[in-house]
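Listed below, chain by chain, are the residues.
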Amino acid sequence: MKSEAKTPDQYISELPEDRKVAIIKLREIAFKNLPNGFKEVISYGMLGYVVPHEIYPKGYHCTPQLPLPFLNIASQKNSINIYHMALYADSNLYNWFVEEYPKHSTAKLDMGKGCIRFKKIEAIPFELIGELLSKITPQQWVEMYENAFIKT
């Protein structure tokens, strides 16, 4: 369900009421917990949090005119999804999240390499998501990204 919204506020305003509440809460958690330097944008039709060109001029290697993506939050057809690039790039972070998740939610973890899917809003472990978002600075993400994805 890719949105054509041009701003985060427009994206949220177009959501169904139940999804809107959850996305607003996730957005507030992102603002509160992401280290300084990440910038909120619409990225790939979702709420996005990126390392802006002012910090990382090279941008995203696939499309250098785009800032370096880090996190996306989306209301999809059957779930609310969090796409966290560092979970894909860092197995230690991934393993930490998988181990912590059952301490915060009774719902079965529905997760790919970097995508966490929540079919039920009440199953979203907001506190754990906040802790996850606080773990990586933009500078750490750039270093991790270059080590994991940039071939020299």
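Summarised in this report is the structure supplied together with it. Throughout, residues of each chain are indexed from 1 in the direction in which the sequence is written. Only residues with pLDDT of at least 70 get local features here, since the model is predicted, and only at 80 or more are side-chain atom pairs given and counted; chain-wide, interface and lining totals rely on the full set of residues. Computation of side-chain values: all heavy atoms of the structure, hydrogens and water removed.

Time to look at the sheet that holds strand 6 (residues 115-118). Between any two strands, pairing holds if DSSP finds at least two bridges. Only DSSP runs of H or I with at least four residues qualify as helices, and only runs of E with at least two residues qualify as strands; both kinds are numbered from the N terminus onward. Taken together, 6 strands build an open sheet; the order of strands is 1-2-3-4-6-5 and the sheet is antiparallel. Unpaired on one side and paired on the other, strand 1 (39-43) and strand 5 (110-111) mark the two borders of the sheet. This element, helix 5 (residues 126-133), spans strand 3 (68-75), strand 4 (80-84) and strand 6 of the sheet and lies at about 20° to strand 4. Working rule for contacts: check all heavy atoms of both residues, and any pair within 4.5 Å makes them a contact. Here the axes come from fitting lines to C-alpha atoms, over the contacting stretch only for helices, and the angles between their N-to-C directions go from 0 to 180 degrees.

Each packed pair of helices is defined by two parameters, the angle between the axes and the distance between the axes. In contact at an axis separation of 9 Å, helix 2 (residues 17-33) and helix 5 are set at 35° when each is read in the N-to-C sense. Note that helix 2 runs across helix 5; the crossing there is right-handed. Residues A22, K25, L26, I29, A30 and N33 of helix 2 pack against F126, I129, G130 and L133 of helix 5. Its residues assigned to classes, the contact of helix 2 with helix 5 shows 7 nonpolar, 2 polar and 1 charged. By convention, the crossing between two helices is left-handed when the near helix turns anticlockwise from the far helix through less than a right angle, and right-handed when the turn is clockwise. Think of it as three bins: nonpolar holds Ala, Val, Leu, Ile, Met, Phe, Trp, Tyr, Cys and Pro, charged holds Asp, Glu, Lys and Arg, and polar takes everything else, Gly as well.

Turning next to the state of the cysteines. A covalent bond between the sulfur atoms of two cysteines is referred to as a disulfide. In what follows, a disulfide is any cysteine sulfur pair within 2.5 Å. For the structure on display, the rule yields 0 disulfides. Free of any disulfide, C62 has its nearest neighbouring cysteine sulfur in C115, separated by 18 Å. The buried label applies to any residue whose accessible area, calculated with a 1.4 Å probe on protein chains only, is under 20% of its type's maximum; exposed applies above 50%, and partly exposed to all values in between. What makes C115 buried here is its relative accessible area of 11%.

Across 5 bridges, strand 1 lies against strand 2 (residues 46-51) in antiparallel orientation. Note that in strand 2 the partner of I42 across the bridge is L47. Joining the antiparallel neighbours strand 1 and strand 2 is a turn of 2 residues, in which Y44 adopts a positive phi near 55°.

Our focus in this paragraph is the packing of helix 4 (residues 91-104) against helix 5. Two elements in contact, helix 4 and helix 5, have axes whose closest approach is 10 Å; the angle formed by their N-to-C orientations is 160°. Here helix 4 is positioned roughly antiparallel relative to helix 5, judged by the angle of their axes. Seen from above, helix 4 lies across helix 5 with right-handed handedness. The segment helix 4 lies against helix 5, with L93, W96, F97, E100, Y101 and H104 engaging E127, L128, I129, E131 and L132. Among the residues making up the contact of helix 4 with helix 5, the classes are represented as 7 nonpolar, 1 polar and 3 charged. Just so you know how the angles are binned, under 35 degrees is roughly parallel, over 145 roughly antiparallel, 65 to 115 roughly perpendicular, and the rest oblique.

The next subject is the side chain of N81. Note that N81 resides in strand 4. With relative accessibility at 5%, the residue N81 sits in the buried group. Pairing of N or O atoms within 3.5 Å defines a polar contact, subject to two protein rules: one partner must be a possible hydrogen donor and the other a possible acceptor, and residues neighboring in sequence count only if both atoms are side-chain atoms. Separated by 2.6 Å, the side chains of N81 and S79 make a polar contact. The contact partners of N81, leaving out residues within four places of it in the chain, are N72, I73, A74, Q76, C115, I116, R117 and F118.

These figures capture arrangement, not role.
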